[in-house]
Amino acid sequence: MPRHSARHLIIGGGIIGCSIAYHLTRAGERDVVLLEKAALTEGATWHAAGLVGQLRSSRNTTRMLKRSVAMYDRLEAETGMKFDWRKVGSLRLAATPERLKECRRLATMARSFGLEMEVITPAEAQALFPYIDTAGLAGAAFIPSDGHVDPAGLCLAIAAAARRQGADLRQGVRVEDFDCQDGRIRRVLTSEGDWEAETVTLAAGMWSRELGARLGLKLPACAVEHQYVVTEPLPDPDLVRGLPTLRDPERLVYYKPDAGGRLVIGGYEDDTVPFGAHGIPGDFVRQLLPDNLDRFAPLAELAGRVTPIVNEVGIRQVINGPIPYSADGDFVMGWMPGFDNLMIATGFLYGIAAGGGAGEMIAEWILEGRPSLDLWPLDVRRFSRHHGSRAFMYPRAVEHYAHHYKMRHPGQEAATARGLRLSPLHDRLARAGAVFGSKNGWERPLWFAPEGVPPVDQLAFEHPGWAVHAAEEHRAVRERVALIDQTSFSKFELIGPGALAALQSLTVSDMDRPVGRVIHSQICNEAGGIEADLTITRTGPESFYIVTGAGFGVHDGDVIRRALPRDGSAHLIEVTSARAVINLCGPKARDVLAEVAEEDVSAAAFPFATCREITIGAAPVRAIRIGYVGELGWELHVPTEFALHVHDLLWEAGQPHGIARAGYRAIDSLRLEKGYLYWSADITPDDTPVEAGLGGRVHLKSKGAFRGRAVLERQMAEGPARRLATFVSEERLPVTGGETILCDGETVAPCTSAGYGHTVGRTILYGYLPKALWEREDFALEVFGHARPIRRVAGPLHDPGNLRLKA
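None of these values were measured; they are calculated from a predicted model.

Undergrad: What should I look at first to understand the pattern of salt bridges in this one?
TA: When the charged atoms of two side chains with opposite charge come close together, those side chains can pair. Using the criterion set out here, one finds 54 salt bridges in the structure. As a salt-bridge pair, Glu 443 and Arg 418 come within 2.7 Å of each other at their nearest N and O atoms. On the criterion of sequence distance, the pair formed by Glu 443 in strand β21 (residues 442–448) and Arg 418 in the loop between α10 (390–402) and α11 (426–431) is long-range, its members being 25 residues apart. The salt bridge partner of Arg 671 is Asp 668, with a shortest N-O separation of 3.0 Å. Here the residue Arg 671 and the residue Asp 668 both occupy positions in helix α17 (residues 664–674), the gap between them amounting to 3 residues, near one helical turn. By relative accessible area, which is 3% here, Arg 671 ends up buried.

Structure (structure tokens):
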């Protein structure tokens, strides 16, 4: 068989693969080759419904989808090919008052994302889509820049443009296997011979999982069945042609105008069927699945209520096809951990809407090492290996599919694939009334239901029932002492003679500190953006203990491993499961710890930001005097088998001091009061430590080169163009982050985090301000469509001098 070579090899000829080829060649890259086992579009692209909506829960995902629309706007002029792109807008109906509240929340979020979205009346909605029945309708929302498109025509136009720019798109070439050495794909074995490439991008849609298995991967990408119907022509084809797309999430259905005056009607029902769980048939090309009208019947009935006219026209065709999905219902993108040259681009439920922007982001990721937008919500590193197992992925995918339109209140948790990773304290906490959430498979206490209250989460847009109980936990930490189970922390040991040098080249802080010192630091990218936020303890001359969030372990571990020397002088070892973590915190924490520890834990013997190996009862414990709630306290890292022993001793010793248990909802309000920031919300790869007010962590004088130093050095000398600010409201506002900060009625920025501070008695918000507004104090926050006054204040609001923290 012949040998071939390419600089960039793309596997998969659907809209995502073609878009990647287009954007690589548009950036000037040559030697770009795409391999498609059948013909272009013949996976899931050809039978996609073709709706193009832009608003998502993540700001940067929305911005990425806006880039899709910008590309589709210009593509016909570039190629001369028509693909029926119709920018007719999208209409979202609110069939209940609660849905109208959801629309208003989405509209303020859209505004903060820079996307025009207007809340309108039922009559205005009917004027846009005359076939809807407005009886009982509470309102609607309209996005004028959304639209719909012919998916196959769009994909072929993108492919034509890619070819014109020099891409080689090969059809009828099947990828059969891979040859890997030292974490690098050396050869891709295909039906037309072997390929060598600098980068390999897996954009094979529903086949990505099977191809990934040949690389030893369990990709959290799969496929499920999705049905829609095409009606017979409606009486006025010209009217249908100009309709916007329509979604009615309360009735679980969507509409798209189709050729000849027809409507496409689909939806998201309960209990869809996974496809290809045990392998996709080899000859499955441009095929559909058997109709399941029994499963579609409830959606058809609901559609008849939304638009009664569909009860009078027949169904011309039923489409039941497999669509790509993932373990959390969102895309799977980015460099694959464990490989130097494997890019993942799969799991695209709404690939037509995302195609243009996602291809652009993947191309940037390949060429620049990172995309121009922080895409953490879509990053493959948000997943662990268990997410790709059949036992987790398919139940969770089916659940997410069923909830695609269902009401989701802030903080709502998935119900399937639970109980996987349990702390040694889990049963103790469950008996104490813990209401658990899930993070990276870990069951973690969100809040504790007191006696007489069912341990079931109580959610709402305004005044959720859990808040009163989390407030009591908050007060226990501030006024007495509490235990918090934080076993789910991701934990690593970095060891070897090259460990210190590796950290010095990565982190912004000077890590050459005495053994036993604890340093909170950041790893930045070349642009100075924060890639990781870590707590690092020096445990020996050549060893460090690194702690990060439960959901960030794969990401942060990958960031560190890619920077380690290739000579084997430093090794990163994950030890998450080796140690439970009990956070003992509050002004009486020392009194409790002194009762059970053999060592002196006084302030003089055990100062803040230090670590000591102590003994609690019979257990060896790594005690780290640091925390995330802003009070005197210790993170007690306990060998897993001793965790219950240590917990029970602390609980008993704390009884005279009014000890309580606290969960993660209380942690959030506590950290807001103290000004502690959360990576992926307040600090991201788009934000620098200087902009975030963490400039004190940046040690320019005491260390040499590190990633991002040049940018941070310039910002420290000249000042940043923007910085994170703290705002308060005397009202108790129903906010969770993502709301729009306004100045004189104009959008300033999205709110990065928000919540109520039970100690300070005010709503607290964070957001980035441009330099021109740094002296301004009075602002407004858009909440459910209404502007509420907020005020910029100096932070933190609680213990600004760290007197309690360092007591």
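Undergrad: Just to check I follow, could you spell out the packing of aromatic side chains for this structure?
TA: Given two aromatic rings, their pairing is described by the distance between the two centres and the angle made by the two planes. Within the structure shown, the criterion is met by 18 aromatic pairs. Judged by centre distance (5.8 Å) and plane angle (70°), the ring pair of Phe 606 and Trp 634 falls under edge-to-face. A residue pair is termed long-range when its members are at least 10 positions apart, and Phe 606 in the loop between α15 (589–596) and β29 (611–616) and Trp 634 in strand β31 (residues 633–639) qualify at 28 residues. With a relative accessible area of 0%, Phe 606 lands in the buried category.

Undergrad: What is the right way to look at helix α14 (residues 553–563) in this model?
TA: Since the α-helix turns once every 3.6 residues, residues separated by three or four places project in the same direction. Along α14, the positions that sit buried rather than exposed are Gly 553, His 555, Asp 556, Gly 557, Asp 558, Val 559 and Ile 560. Buried residues along α14 sit in contact with β23 (490–495), α13 (499–506), β24 (518–524), β25 (530–540), β26 (543–548) and β27 (571–574).

Undergrad: How do you make sense of the nonpolar core when you look at a structure like this?
TA: The nonpolar side chains of a soluble globular protein tend to be buried with one another. If you look at the biggest cluster of nonpolar residues, it comprises 135 residues, and the most contacted ones within it are Met 64, Tyr 255, Met 333 and Leu 342. At 9 residues, the largest contribution of residues to this core is made by helix α9 (residues 351–368). Non-local contacts of Met 333, meaning those with residues more than four positions away in its chain, are made with Met 64, Ile 344, Phe 348, Ala 358, Met 361, Ile 362, Trp 365, Leu 375, Leu 378, Asp 379 and Val 380. Leu 483, Ala 589, Ile 616 and Ala 619 belong to the second largest nonpolar core, which has 31 residues in total.

Undergrad: For this particular structure, what's the right way to read the packing of helix α1 (residues 15–26) against helix α5 (residues 151–164)?
TA: A packed helix pair is summarised by two numbers, namely the angle formed by the two axes and the spacing between the axes. With their axes 8 Å apart at the nearest point, α1 and α5 run at an angle of 30° to one another. Considering their axes alone, α1 and α5 lie roughly parallel with respect to each other. Of the two elements, α1 crosses α5, and the hand of that crossing is left-handed. On the side of α1, the interface is formed by Ile 15, Cys 18, Ser 19, Ala 21, Tyr 22 and Thr 25, while α5 contributes Leu 154, Cys 155, Ile 158, Ala 159, Ala 161 and Ala 162. Considered class by class, the residues forming the contact of α1 with α5 number 10 nonpolar, 2 polar and no charged.

Undergrad: Even after reading the chapter, I still don't get the side chain of Asn 341, so can you show me in this structure?
TA: Inspection of the secondary structure assignment puts Asn 341 in the loop between β18 (332–335) and β19 (342–346). Among the polar contacts listed, one links the side chain of Asn 341 to the backbone nitrogen of Ile 185, at a separation of 3.0 Å. For Asn 341, the side chain forms a polar contact with the main-chain oxygen of Glu 198, separated by 3.4 Å. With sequence-adjacent residues up to four places away left out, Asn 341 is seen in contact with Arg 184, Ile 185, Ala 197, Glu 198, Thr 199, Val 200 and Trp 335.

Undergrad: It is not clear to me how the pairing of strand β30 (residues 619–624) should be interpreted in this structure. Could you clarify?
TA: Within a regular beta strand, the side chains point alternately toward one face of the sheet and then the other, so they alternate between its two faces. Burial within β30 is extensive, with 5 of its 6 residues counted as buried. The pairing of β29 with β30 spans 6 bridges and is antiparallel. The residue of β30 that forms the bridge with Glu 613 is Arg 622. In this antiparallel pair of consecutive strands, β29 and β30, the connection spans 2 residues, and Gly 617 shows a positive phi of 60°. Strand direction decides the pairing type here: β30 and β31, joined by 3 bridges, are antiparallel. The partner of Ile 624 across the bridge, within β31, is Glu 635.

Calculation criteria
- Residues numbered from 1 in each chain as written.
- Predicted model: local features only at pLDDT ≥ 70, side-chain atom pairs only at ≥ 80, totals over all residues.
- Heavy atoms only, no water.
- Salt bridge = Lys/Arg side-chain N within 4 Å of Asp/Glu carboxyl O.
- Helix = DSSP H or I, 4+ residues; strand = E, 2+ residues; numbered from the N terminus.
- Buried < 20%, exposed > 50% of the residue type's maximum accessible area, 1.4 Å probe, protein only.
- Phe/Tyr/Trp six-rings, centres within 6.5 Å; stacked < 30°, edge-to-face > 60°.
- Contact = heavy atoms within 4.5 Å.
- Core = buried A, V, L, I, M, F, W, Y, C linked by side-chain atoms within 4.5 Å.
- Axes fitted to C-alpha atoms, helices over the stretch in contact; angles between N-to-C directions.
- Parallel < 35°, antiparallel > 145°, perpendicular 65-115°, else oblique.
- Left-handed = near helix turned anticlockwise from the far one by under 90°.
- Nonpolar A, V, L, I, M, F, W, Y, C, P; charged D, E, K, R; others polar.
- Polar contact = N/O pair within 3.5 Å; in protein donor to acceptor, adjacent residues only side chain to side chain.
- Pairing = 2+ DSSP bridges.

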